[in-house]
Amino acid sequence: TGAIGLYNVGQSCCLNSVLQVFLMNIHFTGILRRITVPPRAGQKNRNVPYQMLLLLEEMQCGKRKAVFPIPLARCLSVYRVKLFVQHDAAQLFLTLWNLIKDQMKKPELVEELSSLYTICVQEHLACQKCSLETKRNSRMLTLPLPMLDADSRVLKTLEDCLQYFFRPEELTDHNMCFCEQCGRKTPFLQSMKLVHLPQTLTIHLKRFCFEESPYVHKLSHYLPFPQDLDFNAVLTENQCQADDNEKASWQYELFAVVAHSGSTRCGHYCAYVRSLTECKWYCFNDSQVCQVSWDDVKCTYGHSNLNW
């Protein structure tokens, strides 16, 4: 079935979960299979895409229920991705993606990888005292959605989080910006508009936060998300900067969820991934893999005693 587990080799549940999401994505593995193989043994040992390809082949060639990701873990340690620490899945995803992109030698593969995952937004800053407005396009790999509003009230659905993320925000008092036309600090209206969404969209629910505390704490409250998401039905015209052809592709079907249970100090990650070839959901809990239902996946909506 292609649903093969990864043994935990030292608090590597976060790494295992993120790797499963990468390697179960047939669009990503299609790129991975076309990389240039490094010529020397030392280069191979330090090349992240090549070590991921070896791991993928080992997972697909045998009939074992799980394999050890030790060579890849050794390779990542060269780039300060440590074992025996609790990683944040969103940060680890960004780290892995950047290592993969930087070590791919073929420009066309780098372009395909960027097209597969990169989001484009346009940031707007408008002075509220004059007509000066600045616009800047920027790229991001994840949509980092807050789970609380500015008054620390709980946002109740994924759609609420998306609308809040793209809402205009007034920059006043100590947040005012310097206006070149006015020659002084003035109130500004800051907004972000969606320009382009990739084939595989990654959303990061910011459950680890610093709000109202000097320490990181976790937001474990219930937040449902749909199996199908149409951005045209969620965002307003003012929150988008794209033509109709671009917007026509802004419809998504849920592919994977990386879930964390426990606290900020101690916890465990697993991944729920929908096989794109079989259209079945699997739970990847390190070396343990089992087929699950959509009701099982919904346990990742969150609560204080998350179990799978």
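A brief report on the enclosed structure follows. It should be emphasised that the depicted structure is a prediction, and the values quoted were computed from it without experimental measurement.

## A few points about helix H8 (residues 158–165)
Three or more residues of H8 are buried, namely Leu158, Cys161, Leu162, Tyr164 and Phe165. The arc that holds the buried residues of H8, viewed along the axis, is 165°, so those residues lie on one side. Taken together, the buried residues of H8 touch strand E4 (133–140), strand E5 (143–145), strand E9 (188–196), strand E10 (203–205), strand E13 (228–230) and helix H9 (231–234).

## Some details on the packing of helix H1 (residues 13–23) against helix H4 (residues 48–61)
With their axes 11 Å apart at the nearest point, H1 and H4 run at an angle of 80° to one another. Here H1 lies roughly perpendicular to H4, going by the angle between them. Where H1 abuts H4, its residues Leu19, Gln20, Phe22 and Leu23 lie against Met52, Leu55, Leu56 and Met59. Residue classes in the contact of H1 with H4 are distributed as 7 nonpolar, 1 polar and no charged.

## What about the environment of Arg33?
Mapping Arg33 onto the fold places it in the loop between helix H2 (26–32) and helix H3 (41–46). Exposure remark for Arg33: the relative accessible area of 46% places this residue in the partly exposed category. As a C-alpha pair, Arg33 and Pro146 span 113 residues in sequence and 36 Å in three-dimensional space. Discounting residues that sit within four places of it in the chain, Arg33 has contacts with Leu53, Leu56 and Gln60.

## Concerning the environment of Cys13
Within the secondary structure, Cys13 is located in helix H1. Through-space distance from the C-alpha of Cys13 to that of Cys283 is 13 Å; in sequence the pair is 270 residues apart. Here Cys13 is in contact with Asn8, His268, Tyr269 and Asp286, once residues within four sequence places are set aside.

## Here we look at the packing of aromatic side chains
In this description, a pair of aromatic rings is defined by centroid distance and the angle of the planes. The tally for this structure, following the rule as stated, stands at 12 aromatic pairs. For the pair Tyr7 and Phe68, a centre-to-centre distance of 4.3 Å together with 25° between the ring planes defines the contact as stacked. Taken together, the residues span a long stretch of sequence, with Tyr7 in the loop between strand E1 (5–6) and H1 and Phe68 in the loop between strand E2 (66–67) and helix H5 (70–77) at a distance of 61 residues. Taken together, the aromatic side chains of Phe22, Phe28, Phe93 and Tyr117 make up a single cluster linked through ring pairs. Arg167 extends its terminal NZ or CZ atom over the ring of Tyr164, reaching a point 3.7 Å from the ring centre.

## Regarding unusual backbone geometry
Unlike most non-glycine residues, Ser152 shows phi in positive territory, near 65°. Its place among the elements puts Ser152 in the loop between E5 and H8. If you check the backbone angles, Cys279 has positive phi at about 60° while not being a glycine. Relative to the helices and strands, Cys279 is located in the loop between strand E16 (267–274) and strand E17 (281–285). For Cys279, a relative accessible area of 48% gives the class partly exposed.

## Regarding the state of the cysteines
Enumeration over the complete set of coordinates arrives at 0 disulfides. Not part of a disulfide, Cys120 finds its nearest cysteine sulfur in Cys240, a span of 13 Å. Overall, the relative accessible area of 10% leaves Cys120 in the buried class.

## Some remarks on the side chain of Asp149
As for its placement among the helices and strands, Asp149 is situated in the loop between E5 and H8. On the basis of relative accessible area, Asp149 is assigned to the buried category, the value being 10%. Looking at Asp149, its side chain comes within polar contact range of the main-chain nitrogen of Asp151, at 2.9 Å. Dropping the residues within four chain positions of it, Asp149 is found in contact with Leu155 and Tyr164.

## Some words on the sheet that holds strand E15 (residues 256–262)
Sheet architecture is open: 4 strands sit in the order E15-E16-E17-E18, paired in antiparallel fashion. Pairing within the sheet leaves two strands with one partner each, and these edge strands are E15 and strand E18 (288–292). Neighbour-to-neighbour, the strand axes of this sheet turn through a mean angle of 20°, independent of strand direction. As paired elements, E16 and E17 share 4 bridges and run antiparallel to each other. Directly across from Arg274, in E17, lies its bridge partner Trp281.

## What to know about the sheet that holds strand E6 (residues 169–171)
If you walk across this open sheet you meet the 4 strands as E4-E3-E9-E6, and the pairing is antiparallel. Both outer strands of the open sheet, E4 and E6, are each paired with one neighbouring strand and no more. With strand direction ignored, the average angle separating the axes of adjacent strands in the sheet is 30°. Pairing between strand E3 (residues 119–127) and E9: 8 bridges, direction antiparallel. For Gln122, the partnering residue across the bridge sits in E9 and is Lys193.

## So, the pairing of E17
For E17, a buried count of 4 out of 5 residues is recorded, marking the element as mostly surrounded by other parts of the structure. Hairpin connection of E17 to E18: 2 residues between the antiparallel strands, including Asp286 at a positive phi of 55°.

Thresholds applied
- Residues numbered from 1 in each chain as written.
- Predicted model: local features only at pLDDT ≥ 70, side-chain atom pairs only at ≥ 80, totals over all residues.
- Heavy atoms only, no water.
- Buried < 20%, exposed > 50% of the residue type's maximum accessible area, 1.4 Å probe, protein only.
- Helix = DSSP H or I, 4+ residues; strand = E, 2+ residues; numbered from the N terminus.
- Arc of directions from axis to C-beta.
- Contact = heavy atoms within 4.5 Å.
- Axes fitted to C-alpha atoms, helices over the stretch in contact; angles between N-to-C directions.
- Parallel < 35°, antiparallel > 145°, perpendicular 65-115°, else oblique.
- Nonpolar A, V, L, I, M, F, W, Y, C, P; charged D, E, K, R; others polar.
- Phe/Tyr/Trp six-rings, centres within 6.5 Å; stacked < 30°, edge-to-face > 60°.
- Lys NZ or Arg CZ within 6 Å of the ring centre and 35° of its normal.
- Disulfide = S-S within 2.5 Å.
- Polar contact = N/O pair within 3.5 Å; in protein donor to acceptor, adjacent residues only side chain to side chain.
- Pairing = 2+ DSSP bridges.

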